[in-house]
Amino acid sequence: MSSATRPLYSGYCLVLFTVMGLAVLAVNLFLTDLRRRRLVAGTVSRAFFRAAGIPFAVEGLDRLPQVPCVVVANHASYIDGLVAAAALPPDFAFVIKKEMLRVPLAGLLLRRLGSQFVERFNQHKGGVDTRRVLKLAATGQSLVFFPEGTFNEIRQVGRFLGGAFTTAARSGMPVVAMAIHGTRAVLPPGGLAVHRLPIRVEILEVLSASDARLRSRELIASAVAEPLAP
């Protein structure tokens, strides 16, 4: 794609994303079943990548355990949540930073999808949010975390925060390491320029909660060929 046509393509993707997101929200406001709402979101997410001409592939779904689990994935771009929703079955609640509640309409849609919001900067509020997530996990709800918590322009896999692994250990769930390839190149941090490049999601390994924090980070870093942050 030439530098002259990239702004047009990026604008097209932004309009496409907005229109499809509003359509998902409109439909999901009237659906009472949570799994069906997530199914709609996942289906439309995959449709977005097709309409944008972005090759999208998922490998290793058969490695997902047949019991509730905690999925942890690397975080390199604003579209990682969309990618995970497109890749995973509609049985997962996403654990998301609380700042997303302030994004117009996105917070409402994420609530309708059963997402859980956690405070990153206030220790007391963060503790309350963590206890709420633990209670949800105790009901057998599978969860998705981006344990780096955020991302930046540096090409690396950051340190993993402990929330996902504490939740898995206390609820007796296995941890699943999942690598997201290509999103840093498709929508680089710090801008809105979209590049028509492939995205691939890879389910790597099922781990016990006791050693998953270090092992999952190592597996993901090796898979995406990015260094571990010091």
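Presented here is an overview of the structure given in this document. (Residues numbered from 1 in each chain as written. Predicted model: local features only at pLDDT ≥ 70, side-chain atom pairs only at ≥ 80, totals over all residues. Heavy atoms only, no water.)

### Thoughts on the packing of aromatic side chains
For clarity, the cut-off: The aromatic pairing rule takes the rings of Phe, Tyr and Trp, using the six-membered ring of Trp, and pairs them if the centres are within 6.5 Å, calling planes under 30 degrees apart stacked, those over 60 edge-to-face and the rest tilted. Burial classes: relative accessible area under 20% of the type maximum marks a residue as buried, over 50% as exposed, and values in between as partly exposed (1.4 Å probe, protein chains only).
If you walk through the whole model with that rule in mind, you get five aromatic pairs. Between Phe49 and Phe56, the aromatic rings sit 5.0 Å apart at their centres with planes inclined by 5°, giving stacked as the arrangement. Judged by its relative accessible area of 1%, Phe49 is buried. Ring geometry for Phe160 versus Phe165: centroids 6.2 Å apart, planes at 15°, classification stacked. In this structure Phe160 comes out as buried when scored by relative accessible area, which is 4%. Among the aromatic residues, those joined into a cluster by ring pairs are Phe17, Phe48, Phe49 and Phe56.

### Looking at the side chain of Thr167
What counts here: Strands are runs of DSSP state E lasting at least 2 residues, helices are runs of H or I lasting at least 4, and numbering of each runs from the N terminus.
Within the secondary structure layout, Thr167 lies in helix 6 (residues 163–171). In this structure Thr167 comes out as buried when scored by relative accessible area, which is 2%.

### A few points about the pairing of strand 2 (residues 70–73)
Applied cut-off: Two strands are said to pair when DSSP picks up at least two bridges between them.
The two faces of strand 2 match: Val70 and Val72 on one face and Val71 and Ala73 on the other face are all buried. In terms of strand pairing, strand 2 meets strand 6 (residues 175–181) through four bridges, oriented parallel. Residue pairing across strands places Val71 opposite Val176, the latter belonging to strand 6.

### With respect to helix 6
Using the following cut-off: Each C-beta atom gives one direction from the helix axis, and the arc is the one those directions make.
All of the buried residues along helix 6 are Ala164, Phe165, Thr167 and Ala168. Buried residues of helix 6 fall within an arc of 160° about the axis and therefore sit on the same side. Positive phi appears at Gly172, one or two residues downstream of helix 6, with a value of about 70°.

### With respect to the pattern of salt bridges
Rules: Whenever a carboxyl oxygen of Asp or Glu lies within 4 Å of a side-chain nitrogen of Lys or Arg, that contact is scored as a salt bridge.
Taken as a whole and assessed by the stated rule, the structure comprises four salt bridges. A salt bridge links Arg200 to Glu59; its shortest N-O distance comes to 3.2 Å. Placement of Arg200 in strand 7 (residues 199–207) and of Glu59 in strand 1 (residues 56–59) is noted, with a sequence separation of 141 residues between them. The class for Arg200 is partly exposed, based on a relative accessible area of 29%. Of the residues examined, Glu59 reaches a relative accessible area of 35% and is grouped as partly exposed. Of the charged contacts in the structure, one is a salt bridge between Glu226 and Arg184, with a shortest N-O distance of 3.0 Å. Taken together, the residues Glu226 in the segment after helix 8 (212–224) and Arg184 in helix 7 (residues 183–186) connect sequence positions 42 residues apart. Judged by its relative accessible area of 13%, Glu226 falls in the buried class.

Read these as layout, nothing more, since geometry by itself doesn't imply function.
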